[in-house]
Amino acid sequence: MKKSILILYTGGTIGMAKTSTGYQPTSGLLAKLMAEDRVFNHTDMPHYDIKEYAPLIDSSNMTPQHWNTLAKDIVRAYEQYDGFVILHGTDTMAYTACALSFMIQGLNKPVILTGAQVSLVEAHSDARENLISALLLASRYCFPEVTILFNHHLLRGNRAHKIDSIGYNAFLSPNYPPLAEVGSELVAHPQLFCAMDTRSLAIHKYQAIALTHFTFFPGLSLNTLETLLDMPIRALLLRTYGSGNVSTEDKKLFLLLEKAIARGVIIANTSQCLKGQVNMASYATGQALQQIGVISARDMTPEAATVKLQFLCSISSDAAWIRQQYELSLRGELS
Ligand code: ASP
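What you are looking at is a predicted structure, and each value in this text was computed from that prediction instead of being measured.

K.L.:
Before we go on, may I ask you to explain helix 9 (residues 319-326) in this structure?
P.N.:
When helix 9 is considered as a whole, its buried residues turn out to be Ile322, Gln325 and Tyr326. In an axial view of helix 9, the angular spread of the buried residues amounts to 100°, which keeps them on one side of the axis. Its buried side turned inward, helix 9 meets strand 16 (235-240), strand 17 (266-271), strand 18 (295-296) and helix 8 (302-315). Where helix 9 begins, the side chain of Asp318 points an oxygen toward the backbone nitrogen of Ala320, at a separation of 3.1 Å.

Below is the structure:
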């Protein structure tokens, strides 16, 4: 029997048309172009329905409310479909993939996000290829996780990072291999898929919480960090050097962070390096952070390190629990 896929169309370049003010999402255009294209009606392709959101958005406008809506719509249609393809702008696609991976509990069907660097209306677009690959993969393999399909590679969504604002190879999974490749054949690697999620199907909703980043660079002023920590924030992500190191020259840094941790601010350490991982035990300049209670994002992408902190703070106010959960793998986001 033909598999059935629900396409959730949020916006992005994939279905944009050229207007006098630049490319903009255009309602109805994508469904029309797909209906006219014989490939999408080929016998090898699954049956698909399209749910187009209004308004369609550039993904720079994505918010936790949109994530809640997407999760709710997937769960509502869960029994009717074999898989889900989310059409999304590339700018925040990795954030949405992370969010959905954490918030949908008991997900055991494929959810694939895809989009394009060039709109489907253009002759040299990558949209058609990405869309065909996503539909084929979602209908042929039952991987129980949220993924990103781009430029012939299926990546774990919470391991993916946008690396190119123009090129077709827009996403990289720096610390986890691709789950599948699309070439003359579809090649999947089931041993890399997430284990089935045996919990019952449910959604944990996101809230926008007061989280911020602080990036280290030589010559920074600690006054800016002091001002940041004077604000009522719940969580702070430090973007440190190498394996999680910072300058230990000025002890004021540690006093500021220690004071914030004591009042319940969750402070996590993520590296400015994309590949490899935070290991605060490696150097004295990292151990100093570990000793005052900074937690580690290990080998999470910047998107996963951020969204996971937001997620845990959304669902709990217990700092000890959040700190413990952050360093554990919830849905394969860290090694
Ligand atoms: N700005 C667009 C978006 O993220 C870029 C894209 O779709 O690739 O919606």
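K.L.:
What is the right way to read the site of the ligand from this model?
P.N.:
The environment of the ligand is made up of Gly12, Thr13, Asp58, Ser59, Gly89, Thr90, Asp91, Ala116 and Gln117. The contact in question runs from an oxygen atom of the ligand to an N or O atom on the side chain of Thr90, over 2.4 Å. Coverage of the ligand by the protein amounts to 90% of the 260 Å² it exposes when considered alone. Tallied by class, the residues present in the shell around the ligand amount to one nonpolar, six polar and two charged.

K.L.:
Got a minute to help me understand the packing of helix 2 (residues 64-77) against helix 3 (residues 93-103) in this structure?
P.N.:
Think of two packed helices as two axes; the pair is described by the angle between the axes and how far apart they sit. Orientation of helix 2 relative to helix 3, taken along the N-to-C sense of each, is 55°, at an axis distance of 10 Å. As judged from the angle between their axes, helix 2 and helix 3 are oblique. Pair helix 2 / helix 3 crosses with right-handed handedness. Contacts between helix 2 and helix 3 involve Trp67, Asn68, Leu70 and Ala71 from the first element and Tyr95, Thr96, Ala99, Leu100 and Met103 from the second. Within the contact of helix 2 with helix 3, the residues separate by chemical class into seven nonpolar, two polar and no charged.

K.L.:
Would you mind going over the pattern of salt bridges with me for this structure?
P.N.:
Side chains that differ in sign of charge can pair as their charged atoms come close. With the rule as written, the count across this model stands at nine salt bridges. Salt-bridge contacts for Arg156 lead to Glu145; the nearest nitrogen and oxygen are separated by 2.7 Å. Linking Arg156 in strand 9 (residues 153-156) with Glu145 in the loop between helix 4 (127-140) and strand 8 (146-150), this pair joins segments that are 11 residues apart in sequence. The two residues Arg156 and Glu145 agree in class, both being buried. Between Lys252 and Glu226 there is a salt bridge, and its shortest N-O distance comes to 2.9 Å. Of this pair, Lys252 sits in helix 6 (residues 252-262) while Glu226 sits in helix 5 (residues 222-230); the two residues are 26 residues apart in sequence, bridging distant segments of the chain. For Lys252, a relative accessible area of 28% corresponds to the partly exposed category.

K.L.:
Just to check I follow, could you spell out helix 4 for this structure?
P.N.:
Every α-helix carries 3.6 residues per turn, so stepping three or four residues along brings you back to the same face. Taking 1.5 Å per residue, 14 residues should reach 20 Å; helix 4 reaches 20 Å between its end C-alpha atoms and fits that length. Summarising burial for helix 4: 11 of the 14 residues are buried, a large majority. Looking only at helix 4, the buried set comprises Ala127, Asn130, Leu131, Ile132, Ser133, Ala134, Leu135, Leu136, Leu137, Ala138 and Ser139.

K.L.:
What is the right way to read the sheet that holds strand 9 from this model?
P.N.:
Picture the strands of a sheet paired through backbone hydrogen bonds; they go either parallel or antiparallel. With respect to topology, eight strands assemble into an open sheet ordered 4-1-5-7-8-9-12-13, the strand pairing being mixed. Looking at strand neighbours, the two that pair on one side only are strand 4 (47-57) and strand 13 (186-188), the edges of this open sheet. Sheet twist, expressed as the average angle between the axes of neighbouring strands with direction ignored, equals 20°. Examined bridge by bridge, strand 5 (residues 83-87) and strand 7 (residues 111-114) share four bridges and lie parallel to one another. Counterpart to Leu87 in the pairing with strand 7 is Thr114.

K.L.:
How should I be thinking about the nonpolar core in this particular structure?
P.N.:
Generally speaking, soluble globular proteins have nonpolar side chains that are buried together. By size, the foremost hydrophobic cluster in this structure holds 52 residues, and its most contacted members are Phe84, Met103, Ile148, Phe171 and Tyr326. Broken down by element, this core gets its largest block of residues, eight residues, from helix 3. When near neighbours in sequence (up to four residues on either side) are disregarded, Ile148 contacts Met93, Ala94, Ala97, Leu113, His153, Leu154, Leu155, Gly157, Ala160 and Phe171. By size, the runner-up hydrophobic cluster in this structure holds 35 residues, among which are Ile14, Leu56, Val85 and Ile112.

K.L.:
Sorry, what's going on with unusual backbone geometry here?
P.N.:
Phi is mostly negative for residues that are not glycine, and the peptide bonds are mostly trans. Ala54 connects to Pro55 through a cis peptide bond whose omega is -5°. The phi torsion at Asn151 lies on the positive side, around 50°, for a residue other than glycine. Positioned with a positive phi, Arg298 is a non-glycine residue whose angle comes to about 45°. Its place among the elements puts Arg298 in the loop between strand 18 and helix 8. Accessibility expressed as a relative area gives 28% for Arg298, which makes it partly exposed.

K.L.:
So what exactly am I meant to see when it comes to the side chain of Lys308 here?
P.N.:
Secondary-structure assignment places Lys308 in helix 8. Lys308 gets classed as buried once you look at its relative accessible area, which sits at 0%. From its side chain, Lys308 meets the backbone oxygen of Leu328 in a polar contact 2.6 Å long. In contact with Lys308, other than residues within four places in its own chain, are Phe102, Met300, Gln325, Tyr326, Leu328, Leu330, Glu333 and Leu334.

Each value, and the rule that gives it
- Starting afresh in each chain, residues are numbered from 1 along the sequence in its written order.
- Thresholds applied to this predicted model are a pLDDT of at least 70 for local features of residues and 80 or more for the giving and counting of side-chain atom pairs; totals over whole chains, interfaces and linings are not thresholded and use all residues.
- To obtain the side-chain values, all non-hydrogen atoms of the structure were included, while hydrogens and water were left out.
- The cut-offs for exposure are 20% and 50% of the maximum accessible area for each residue type, with area from a 1.4 Å probe on protein chains only; residues under the lower value are buried, those over the upper are exposed, and the others partly exposed.
- Secondary structure counts use DSSP, requiring at least four H or I residues in a row for a helix and at least two E residues in a row for a strand, with both numbered from the N terminus.
- Throughout, the arc means the angular range of directions from the helix axis out to the C-beta atoms.
- Note on definitions: a residue-residue contact is assigned when non-hydrogen atoms from the two residues lie within 4.5 Å.
- For this analysis, a polar contact is any N or O atom pair within 3.5 Å, provided that within protein one partner can donate a hydrogen and the other can accept it, and provided that sequence-adjacent residues contribute only side-chain to side-chain pairs.
- Residues are classed as near a molecule or strand on a simple rule: at least one heavy atom within 4 Å of it.
- For the area figures, the Shrake-Rupley method with a 1.4 Å probe applies, and any residue is considered shielded solely by the protein chains shown.
- Each residue is assigned to one of three groups, with Ala, Val, Leu, Ile, Met, Phe, Trp, Tyr, Cys and Pro labelled nonpolar, Asp, Glu, Lys and Arg labelled charged, and all others, Gly among them, labelled polar.
- Comment: axis = line fitted to C-alpha atoms, over the contacting stretch for helices; angle = value between 0 and 180 degrees taken between N-to-C directions.
- Throughout, the term roughly parallel applies to angles under 35 degrees, roughly antiparallel to angles over 145, roughly perpendicular to angles from 65 to 115, and oblique to all others.
- Two helices cross in a left-handed way if the nearer one is turned anticlockwise from the farther one by less than a right angle. They cross in a right-handed way if the turn is clockwise.
- Here, a salt bridge means any Lys or Arg side-chain nitrogen found within 4 Å of an Asp or Glu carboxyl oxygen.
- Helix span is expected to be 1.5 Å times the residue number reduced by one.
- At least two DSSP bridges between two strands are needed for those strands to be called paired.
- Put simply, buried Ala, Val, Leu, Ile, Met, Phe, Trp, Tyr and Cys residues joined by side-chain atoms within 4.5 Å make one nonpolar core.

Worth remembering: the numbers are spatial, not functional.
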